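# Coordinates in review
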Amino acid sequence: MANDKTSFQLVANGILAENPIFKLALSMCPAVGISTTVMNGFMLGVAVLFVQVFSSVTISVFKNVIHPRIRIPTYTLTIATWVTVIDLTLAATMPDAYAKMGIFVKIIVAFAIITMRLEMFACKEPVSASFWDGLGMGLGFMVGMMTIGFVRELLGSGAILGYDVLGFKPLLFFILPSAGFFVVGLMMAFFNYIEIVYKRSKGLK
Amino acid sequence: MNGKALQPLLLAALLLFLLPTAGWTAGFIIDKSFGAENEIILEFAKPVDPAVAKDFDNYTIYEENDPDIRLELEEVVLSDDNRTASLLFKESLNTTTAHVVSIAKVDGTAEQVFTVSKSYLGYLFSILISALVINNFVFTKYLGLCVFFGTAKRKSTAKGMGVVFTLVMVATGVMSWFFFQFFLKPYNITFLQIVVFIGLTSLTVQAIDTILRKVNPILFNSFGVFLVLVIANCVIIAVPLIMASNEYNFLETFMLSLGAGGGFLLALYLMSSVSERLKLAKIPPTFKGLPIAFIVAGQFAMAFLGFSGLKIF
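The next point concerns the overall build of chain B. Along chain B, the regular secondary structure elements total 10 helices and 8 strands. When each of the 313 residues of chain B is scored for burial, the buried share is 33%. Residue pairs in contact within chain B that sit at least 24 positions apart in sequence constitute 71% of those at least 6 positions apart.

So, on to the overall build of chain A. Scanning chain A from N- to C-terminus turns up 9 helices and 2 strands. Taken from the N to the C terminus, the helices and strands of chain A come in the order α-α-α-α-α-α-α-α-β-β-α. Taken against the 2.2 N^0.38 rule, which gives 17 Å for 205 residues, the C-alpha radius of gyration of chain A at 18 Å falls within 12% of a compact globule. With the C-alpha coordinates aligned to their principal axes, the bounding extent of chain A is approximately 60 × 55 × 25 Å. Going through the 205 residues of chain A one by one, you find that 48% of them count as buried.

All right, on to the interface of chain A and chain B then. Contacts between the two partners involve 33 residues from chain A and, on the opposite side, 31 residues from chain B. Counting residues per element, the ones that place at least two in the side of chain A that touches chain B are helix H2 (28-33), helix H4 (71-93), helix H6 (104-107), helix H7 (112-122) and helix H9 (179-201) of chain A. Looking at the side of chain A that touches chain B, its residues break down into 22 nonpolar, 9 polar and 2 charged.

To continue, consider the sheet that holds strand E6 (residues 84-89) of chain B. Residues and elements named next belong to chain B. Spatial ordering of the open sheet is given by E1-E2-E6-E5, a layout of 4 strands whose pairing is antiparallel. With one partner strand each, in any of the chains shown, strand E1 (29-34) and strand E5 (73-78) form the two edges of the open sheet. Geometrically, the sheet is characterised by an average inter-axis angle of 15° between neighbouring strands, direction not taken into account. In this structure, E1 lies alongside strand E2 (residues 39-44), joined through 5 bridges in antiparallel fashion. What sits directly across from Ile29, in E2, is Phe44.

Attention now goes to the sheet that holds strand E7 (residues 99-103) of chain B. Residue and element names in this part refer to chain B. Sheet architecture is open: 4 strands sit in the order E4-E3-E7-E8, paired in antiparallel fashion. The strands lining the two open edges of the sheet, one partner per strand, are strand E4 (66-70) and strand E8 (112-116). Strand after strand, the sheet turns through a mean of 30° between neighbouring axes, direction not considered. Summarising the sheet, E7 and E8 pair through 5 bridges and their orientation is antiparallel. Residue pairing in the sheet places Val101 in a bridge with Phe114 of E8.

So, about the environment of Ser79 of chain B. Residues and elements named next belong to chain B. Structurally, Ser79 can be placed in the loop between E5 and E6. Among the residues examined, Ser79 registers 13 C-beta atoms within 10 Å and is labelled partly exposed. With 69 residues separating them in the primary sequence, Ser79 and Phe148 have C-alpha atoms 54 Å apart.

Moving on: the packing of helix H3 (residues 38-61) of chain A against helix H8 (residues 127-157) of chain A. Residue and element names in this part refer to chain A. As a packed pair, H3 and H8 sit with axes 8 Å apart at the nearest point and diverge in direction by 165°. Considering their axes alone, H3 and H8 lie roughly antiparallel with respect to each other. For the element pair H3 and H8, the recorded crossing hand is right-handed. Split into classes, the residues belonging to the contact of H3 with H8 amount to 20 nonpolar, 10 polar and 2 charged.

Right, let's get into the pairing of E4 of chain B. The two faces of the sheet receive side chains in turn, since in a regular strand these alternate between them. Residues and elements named next belong to chain B. By the criterion of burial, E4 is predominantly exposed, with just 0 of the 5 residues buried. For strand E3 (residues 59-63) and E4, the ladder comprises 2 bridges, and the chain directions are antiparallel. Bridge pairing in E4 links Tyr62 to Arg70.

Here H9 of chain A contains 23 residues, and its C-alpha end-to-end distance of 33 Å stays within 8% of the 33 Å for a straight helix at 1.5 Å per residue. Residues Ala179, Gly180, Phe181, Phe182, Val183, Val184, Gly185, Met188 and Ala189 of chain A constitute the buried set of H9 of chain A. The secondary structure elements touched by the buried residues of H9 of chain A are H2 and H8 of chain A together with helix H10 (290-305) of chain B. Gly203 of chain A occupies a position one or two residues after H9 of chain A and carries a positive phi of about 75°.

Per-residue confidence for chain B gives a mean pLDDT of 79; residues scoring 70 or more make up 85%. Across the predicted assembly, pTM comes out at 0.77 and ipTM at 0.83.

Another aspect to go through is unusual backbone geometry. Even without a glycine there, the phi angle at Tyr142 of chain B is positive, about 55°. By C-beta crowding, Tyr142 of chain B is classed as buried, having 26 other C-beta atoms within 10 Å.

Time to look at the environment of Lys46 of chain B. Among the structural elements, Lys46 of chain B can be located in the loop between E2 and helix H2 (50-53). Spatially, the C-alpha atom of Lys46 of chain B lies 60 Å from that of Val296 of chain B, the residues being 250 residues apart in sequence.

The next thing to look at is the packing of helix H1 (residues 7-17) of chain A against H8 of chain A. Residue and element names in this part refer to chain A. Where H1 meets H8, the axes come as close as 7 Å, and the angle between the chain directions of the two elements is 30°. Classified by the interaxial angle, the pair formed by H1 and H8 is roughly parallel. In the packing of H1 onto H8, the handedness of the crossing is right-handed. Across the interface between the two elements, Ser7, Leu10, Val11, Ala12, Asn13, Gly14 and Ile15 from H1 touch Ala129, Trp132, Asp133, Leu135, Gly136, Met137, Leu139, Gly140 and Val143 from H8. For the contact of H1 with H8, the residue count by class is 10 nonpolar, 5 polar and 1 charged.

Given a rise of 1.5 Å per residue, 23 residues ought to cover 33 Å, and the 32 Å separating the end C-alpha atoms of helix H6 (residues 193-215) of chain B matches this to within 8%. Those residues of H6 of chain B that fall on the buried side of the exposure criterion are Gln193, Ile194, Phe197, Ile198, Leu200, Thr201, Thr204, Val205 and Ile208 of chain B.

Conventions and cut-offs
Residues numbered from 1 in each chain as written. Chains lettered and ligands numbered in written order. Predicted model: local features only at pLDDT ≥ 70, side-chain atom pairs only at ≥ 80, totals over all residues. Helix = DSSP H or I, 4+ residues; strand = E, 2+ residues; numbered from the N terminus. Buried ≥ 20, exposed ≤ 12 C-beta atoms within 10 Å, placed from the backbone. Contact = placed C-beta atoms within 7 Å. Rg over C-alpha atoms; globule rule 2.2 N^0.38 Å. Nonpolar A, V, L, I, M, F, W, Y, C, P; charged D, E, K, R; others polar. Pairing = 2+ DSSP bridges. Axes fitted to C-alpha atoms, helices over the stretch in contact; angles between N-to-C directions. Parallel < 35°, antiparallel > 145°, perpendicular 65-115°, else oblique. Left-handed = near helix turned anticlockwise from the far one by under 90°. Expected span 1.5 Å × (residues − 1). pLDDT = per-residue confidence, 0-100.

Now the structure itself:
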């Protein structure tokens with residue numbers, strides 16, 4: 001099974017077929033918590049992308065010297081190291097955006113998606129494939145976050161990326177914190193609906 | 001435990017909470033306390049001269065840890081017998097810190113300096129309540145959702161899970177506080193907090209796993225399966241991080257982790273109760289599974305918003 005996919009397929013897999021947020025339903029906390037604007041989603045997406053890619057590559061490089069019995073603690077410490085790096089970098093370079101994301105940057109250390117990718121992919125595959133897989137997963141997460149952020153920002157404050165596009169505020173409710181649950185739930189239902197309609201149109205099941 | 005034996009204990013605890021920390025009250029000032037949001041109420045031993053008591057220049061008030069920032073008075077209201085004064089401030093007070101008040105000339109002689117603070121036990125209790133419901137980790141901080149949606153299916157599972165989480169959270173919270181105070185801070189390596197806290201969490205979970213397996217195999221059989229899930233969960237790691245950023249002391253950390261764990265237990269139990277009903281309900285196929293769970297959680301989150309104005313002590 002090793003490396004029978006091209007780099008493009010690996011990236012596309014992360015964004016579409018195994019999208020961390022909508023398909024695997026992992027790492028939901030930030031998707032609900034801070035996805036109030038596109039920018040927030042983008043910023044956390046960048047942080048997760050960074051941590052995912054670097055952790056995947058690190059584990060892939062050292063996969064032959066990691067004893068299987070201590071692999072989980074090794075993953076945790078690797079992720080924690082890279083999270084510390086991005087946490088300090090963001091705090092130093094973008095204090096405003098960092099303050100908005102609050103505790104969620106540090107919480108990346110406990111994201112199930114990153115550990116899962118290390119366990120399922122990076123510890124078996126060569127470095128380049130792990131890099132592309134990490135990139136795909138990170139981008140998939142970023143796209144998911146930005147999609148939710150897009151819906152919430154557009155419906156909540158009638159704007160995209162801070163620019164007023166609608167001129168009015170359709171549903172102020174969507175910008176409230178608790179609306180995150182509803183938005184994610186409704187979007188999942190929407191994707192389910194498309195899937196059902198698609199299958200029906202093809203005459204399957 | 002026996003419910004009747006607990007009653008006097010609870011009563012004693014309640015009394016302790018209600019006792020104001022009067023501290024040093026001897027002398028001219030009999031009683032002092034926080035009133036409304038921007039109010040400090042003082043009671044004097046004998047009537048004071050209204051002209052002196054209403055002069056703002058006689059008062060110096062500041063928060064104990066910010067002596068440079070003087071708080072500005074807006075009005076001093078005296079009662080009819082001139083024995084009770086209520087000091088109204090321009091801005092609302094941060095009642096969690098002690099305030100130092102000094103009054104000059106009011107009793108005719110020297111300057112009176114004293115501190116006004118809330119009952120410490122009440123403050124600790126408010127941390128517990130805050131973590132439990134007002135800032136519930138699941139419904140208002142949106143943490144630990146993976147495990148929350150994954151396991152809140154049956155009430156019995158939810159209870160076991162919640163108890164294990166509470167135990168682990170208290171253990172890691174206390175240990176992290178110890179490491180943060182005595183290793184990270186003295187050696188100026190607080191930037192390593194993420195690495196240290198996640199390491200401690202894994203270590204605690206591993207230790208509980210091993211100890212439980214040897215000491216109480218029956219308990220391990222019912223709770224052991226949840227321990228694996230605990231490690232990769234943001235609720236657990238959030239407690240030490242909040243503790244570190246708020247510089248909590250030992251008791252505050254303990255209360256925070258207890259409240260966070262209890263809040264998680266509460267959330268799991270509520271959600272599992274609904275899930276049991278949902279199994280029997282007729283749900284549209286597009287909403288089956290996670291979507292309906294998210295909608296229900298959203299409704300709980302809205303309900304928990306109602307706690308946000310709650311203020312105890």
